Amino acid sequence: MGYINLLELKLLLNISLVVLLVNGHGTQTEAQPEFLAALDNLTVTQGRDVSFTCVVNNLGQYRVAWIKSDSKAILAIHTHMVALNPRLSVTHNGHNTWKLHISHVQLNDSGSYMCQVNTDPMRHQSGNLDVVVPPDILNEHEPNTLEGGVANEAGNVQLVCQATGVPEPTVQWRRENGKDIVVRTEGREKQVVKFIEGERLVLNQVQRTDMGGYLCIASNGVPPSVSKRFDVQVNFPPNVKAGNQLVAAPVESHVLLQCVVEAFPTPLNGWHKHDGGNAGHGVNGAASGNGGMAGGTGTGGTGGNGLEKPRNTQMPAPIPSRQPLWILNNKSPAASIFAHGRPSSTVAFVSCCLLMIYSLLMLPTFT
């Protein structure tokens, strides 16, 4: 009885030894999966493509899975897609490299992504995806409307420019052509700067020199920066300046009268004589506005608008007088003869009578 028990004990010991040897051999020969490189943190502009790369050695019978960490959603297992998102796909090079591809990246794709191996305990590594968006300026104005500000001189103008983007953009105001921005306080103090930061630009006590284009420039480090033009208009009453207040010209010639009118909006210019008459006949008036300047020019001539072509005018030759001119006056018939050059028989008879009477009266003087 004791001999049998001894044999059973030896058999149990041998079996245990074999089990230990087998387990020990398997532990030494089977290597565990390991990651060869960390998962990169990626930054990509919205609309572009991006991919995460996971390199695993000694994968064996285990599988690689891709998971969106913040939502705990399983995106893919090995080469099989789980998520119903046509912009997501996975590839495997047949060895140790797995890739998760995201095409046309959107803002909601931002977050942490995990490459996981289903060992016990689980092995994984994570990478972060940051999606950036270039700046864009919101357009809250209706189409075909003026974007800017209009005020009377010494009034106030406020411009608002709102921009979006990731990260949040900064807004800067500048004037066109590098002009200075004049910032005035409620007093008489003013500050001259090249740019102002912020969504709102407030111009107090505007002057006509503040008229023109102002640029709102939004940037957040993601190219390209964007800009939008705002037009500032300042209304002020007309101010008229004459180039020459006294203009002389020969009779039957042309004369040019010029004046400079400063006003906004562009005024309607007209020419009038001092006696109240309208000088519009034979006068060409034009007005044009440029930066609040409206210029009016007028030319005086005869017939039509604008300058008339010069013409040759030949005056009738005077009729020589056979008597001393001092005996004639403007109201005498003789004066009419010499003026018109067409003496009639009646006029000739009267003239002869006058001469005879004059001669008789002068005879006593000579004697």
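Owing to the predicted nature of the structure, the values given are computational and were not obtained by experimental measurement. (Residues numbered from 1 in each chain as written. Predicted model: local features only at pLDDT ≥ 70, side-chain atom pairs only at ≥ 80, totals over all residues. Heavy atoms only, no water.)

### Topic: the overall build of the protein
The number of helices and strands found in the protein is 3 helices and 23 strands. The burial tally for the protein puts 27% of its 367 residues in the buried class. Counted over contacts in the protein with a minimum sequence separation of 6, partners at least 24 positions apart contribute 57%. Here the protein displays about 25,100 Å² of accessible surface, and carbon together with sulfur accounts for 56% of that area. (Helix = DSSP H or I, 4+ residues; strand = E, 2+ residues; numbered from the N terminus. Buried < 20%, exposed > 50% of the residue type's maximum accessible area, 1.4 Å probe, protein only. Contact = heavy atoms within 4.5 Å. Areas by Shrake-Rupley, 256 points an atom, 1.4 Å probe, with all protein chains shown as cover.)

### Some words on the sheet that holds strand β8 (residues 97-102)
The strand order across the open sheet built from 4 strands is β1-β3-β8-β7, with neighbouring strands paired in antiparallel fashion. Two strands close off the open sheet at either side, each with one partner strand: β1 (34-35) and β7 (88-92). As judged from the 5 bridges shared by β7 and β8, these two strands associate in the antiparallel manner. Across the sheet, residue Thr 91 finds its bridge partner in β8, namely Lys 99. (Pairing = 2+ DSSP bridges.)

### Quick word on the state of the cysteines
Following the criterion strictly, the structure yields 2 disulfides and no others. Two residues share a disulfide in this structure: Cys 54 and Cys 115, whose sulfurs sit 2.0 Å from each other. Between Cys 54 and Cys 115, the S-S dihedral sits near -75°, and the bridge is therefore left-handed. Of this pair, Cys 54 sits in strand β3 (residues 50-57) while Cys 115 is found in strand β9 (residues 111-117), placing the two residues 61 residues apart along the sequence. Between the sulfur of Cys 161 and that of Cys 216 lies a disulfide, 1.8 Å long from S to S. In this structure, the disulfide formed by Cys 161 and Cys 216 twists by about -70° around the S-S bond and is classed as left-handed. Of this pair, Cys 161 sits in the loop between β12 (157-160) and β13 (163-166) while Cys 216 is found in strand β19 (residues 212-219), placing the two residues 55 residues apart along the sequence. (Disulfide = S-S within 2.5 Å.)

### Considerations on the pattern of salt bridges
In this structure the tally under the stated criterion is 8 salt bridges. We note a salt bridge from Glu 176 to Arg 229, for which the minimum N-O separation is 2.7 Å. Taken together, the positions of Glu 176 in the loop between β14 (170-175) and β15 (181-184) and Arg 229 in strand β20 (residues 226-242) put the pair 53 residues apart, joining distant regions of the chain. Residue classification places Glu 176 among the partly exposed residues on the basis of a relative accessible area of 26%. Among the residues examined, Arg 229 registers a relative accessible area of 40% and is labelled partly exposed. Among the salt bridges present, the one from Asp 210 reaches Arg 184, with a minimum N-O distance of 2.7 Å. Placement of the pair is Asp 210 in the loop between β18 (200-203) and β19 and Arg 184 in strand β15, with a sequence separation of 26 residues. (Salt bridge = Lys/Arg side-chain N within 4 Å of Asp/Glu carboxyl O.)

### Some words on the environment of Ile 196
Among the secondary structure elements, Ile 196 is positioned in strand β17 (residues 195-197). Once the C-alpha coordinates of Ile 196 and Gln 172 are considered, the two residues, 24 residues apart in sequence, prove to be 5.7 Å apart. Non-local contacts of Ile 196, meaning those with residues more than four positions away in its chain, are made with Val 171, Gln 172, Trp 173, Ile 181, Val 183 and Leu 201.

### Observations regarding unusual backbone geometry
Across the junction of Val 166 and Pro 167, the peptide omega takes the value -5°, indicating a cis bond. Within the secondary structure, Pro 167 sits in the loop between β13 and β14. With an omega of 0°, the peptide bond running from Pro 223 to Pro 224 counts as cis. Mapped onto the elements, Pro 224 comes out in the loop between β19 and β20. Even without being a glycine, Glu 252 presents a positive backbone phi close to 65°.

### What about the packing of aromatic side chains?
Counted under the stated rule, the structure contains 2 aromatic pairs. The side chain of Arg 208 reaches across the aromatic face of Phe 236, ending 3.9 Å from its centre. (Phe/Tyr/Trp six-rings, centres within 6.5 Å; stacked < 30°, edge-to-face > 60°. Lys NZ or Arg CZ within 6 Å of the ring centre and 35° of its normal.)

### Points about the pairing of β20
As paired strands, strand β11 (residues 148-152) and β20 are joined by 5 bridges and run parallel to one another. What sits directly across from Ala 151, in β20, is Val 234. Relative to β20, β19 runs antiparallel, the two sharing 7 bridges. The residue of β20 that forms the bridge with Tyr 214 is Phe 230. Counting the residues between successive antiparallel strands, the hairpin from β19 to β20 contains 6 residues, one of them, Gly 221, with a positive phi of roughly 85°. In this structure, β20 lies alongside strand β21 (residues 255-264), joined through 5 bridges in antiparallel fashion. Across the sheet, residue Phe 236 finds its bridge partner in β21, namely Phe 264.

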